[in-house]
Structures are given as structure tokens and as C-alpha cells.
Amino acid sequence: INDILDLSRLQAGRMTIAADPFDLAALMRGVGMLLAPLAEGKAVTFRNLPPGHPPVWVTGDAGRVRQVLVNLVGNAIK
């Protein structure tokens, strides 16, 4: 339902996108930790950023980027 609502907002030009700095490497590690059990359950080799990878600061909407990454990686694992 959230995806449908987001699509409706986007088509109506009413979607707000944040422009805040966030650590992309940390966000990617978090997505990796979230989806690693799914990958293991499917016997899929899953590689994430190595521990200690330096922060990669970008400006954007961390929540939207997380949503896209979860969808893409989740679909790839399936």
C-alpha cells in the first residue's frame, strides 16, 4: 500500500524528497545485515561492504535510498 501511495504522490508531483547528508556505506551495511539471513536461507552468496569501509557521505533521502536497496537486493536474492 505504501508503494501505491508513493506512486500516486510521485505522479501528482506531491512527493517530498529529503536532501540531508547521510553515510551511504553505513546504510548499505544496514541493508546487508537486514537481508543476510534471507540470502543464507536461499543458499545465496551475499557480499556486503567490508568491515571498516570508510564512510561515504552523500546528500539525499536516506529512507528512499534504503527502500530502493532493500527492494533491489531482496529481489536479487529471491
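Residues numbered from 1 in each chain as written. Predicted model: local features only at pLDDT ≥ 70, side-chain atom pairs only at ≥ 80, totals over all residues. Heavy atoms only, no water.

(A) Fine view of the overall build of the chain. A count of helices and strands for the chain gives three helices and two strands. Since a compact globule built from 78 residues should have a radius of gyration of about 12 Å, the 15 Å found for the chain marks it as more spread out than a globular shape. Projected onto its principal axes, the C-alpha positions of the chain cover 40 × 30 × 10 Å. The 78 residues of the chain split such that 17% are buried. Contacts in the chain between residues at least 24 apart in sequence constitute 83% of all its contacts with a sequence separation of at least 6. Split by element, the accessible area of the chain, about 5700 Å² in all, is 62% carbon and sulfur. Averaged over its 8 positive side-chain charges, the chain has a centre that lies 5 Å from the centre of its 6 negative ones. (Helix = DSSP H or I, 4+ residues; strand = E, 2+ residues; numbered from the N terminus. Rg over C-alpha atoms; globule rule 2.2 N^0.38 Å. Buried < 20%, exposed > 50% of the residue type's maximum accessible area, 1.4 Å probe, protein only. Contact = heavy atoms within 4.5 Å. Areas by Shrake-Rupley, 256 points an atom, 1.4 Å probe, with all protein chains shown as cover. Lys, Arg positive; Asp, Glu negative; His and termini not counted. Charge placed at Lys NZ, Arg CZ, Asp CG, Glu CD.)

(B) Expanded view of the side chain of Asp-61. Within the element layout of this structure, Asp-61 appears in the loop between strand 2 (57-60) and helix 3 (62-77). No salt bridge is formed by the buried Asp-61; the nearest opposite charge belongs to Arg-64, separated by 4.0 Å. Those residues in contact with Asp-61 that lie beyond four places of it in its chain are Thr-16, Ile-17, Ala-18 and Phe-22. (Salt bridge = Lys/Arg side-chain N within 4 Å of Asp/Glu carboxyl O.)

(C) Summary view of the environment of Ala-76. Along the chain, the position of Ala-76 falls in helix 3. For the pair Ala-76 and Val-44, spaced 32 residues apart in the sequence, the C-alpha separation amounts to 9.6 Å.

(D) Region of interest: the environment of Thr-45. In this structure, Thr-45 sits in the loop between helix 2 (24-41) and strand 2. Judged by relative accessible area, which is 67%, Thr-45 ranks as exposed. Thr-45 sits 32 residues away from Ile-77 along the chain, and the two C-alpha atoms are 9.0 Å apart.

(E) View of the environment of Arg-9. Within the secondary structure layout, Arg-9 lies in helix 1 (residues 2-12). Leave out the neighbours within four places in its chain, and Arg-9 touches Arg-14, Met-15 and Arg-64.

(F) Focus on unusual backbone geometry. Backbone geometry places Ala-43, a non-glycine residue, at a positive phi of 60°. When you line up the elements, Ala-43 lands in the loop between helix 2 and strand 2.

(G) Broad picture of helix 2. Relative to the 26 Å expected for 18 residues at 1.5 Å per residue, helix 2 spans 26 Å between its end C-alpha atoms, a close match to the ideal helical length. Along its length, helix 2 reaches its greatest deviation from straightness, about 40°, at Leu-35, and the proline Pro-37 lies no more than four positions downstream. For helix 2, the full list of buried residues reads Ala-25, Leu-27, Val-31, Gly-32, Leu-35 and Ala-39. Each element contacted by the buried residues of helix 2 is listed here: strand 1 (20-23) and helix 3. Structurally, the start of helix 2 carries an N-cap: the backbone nitrogen of Ala-25 is 3.1 Å from a side-chain oxygen of Asp-23. (Expected span 1.5 Å × (residues − 1). Bend = angle between axes of the 7 residues up to and from the residue. Polar contact = N/O pair within 3.5 Å; in protein donor to acceptor, adjacent residues only side chain to side chain.)

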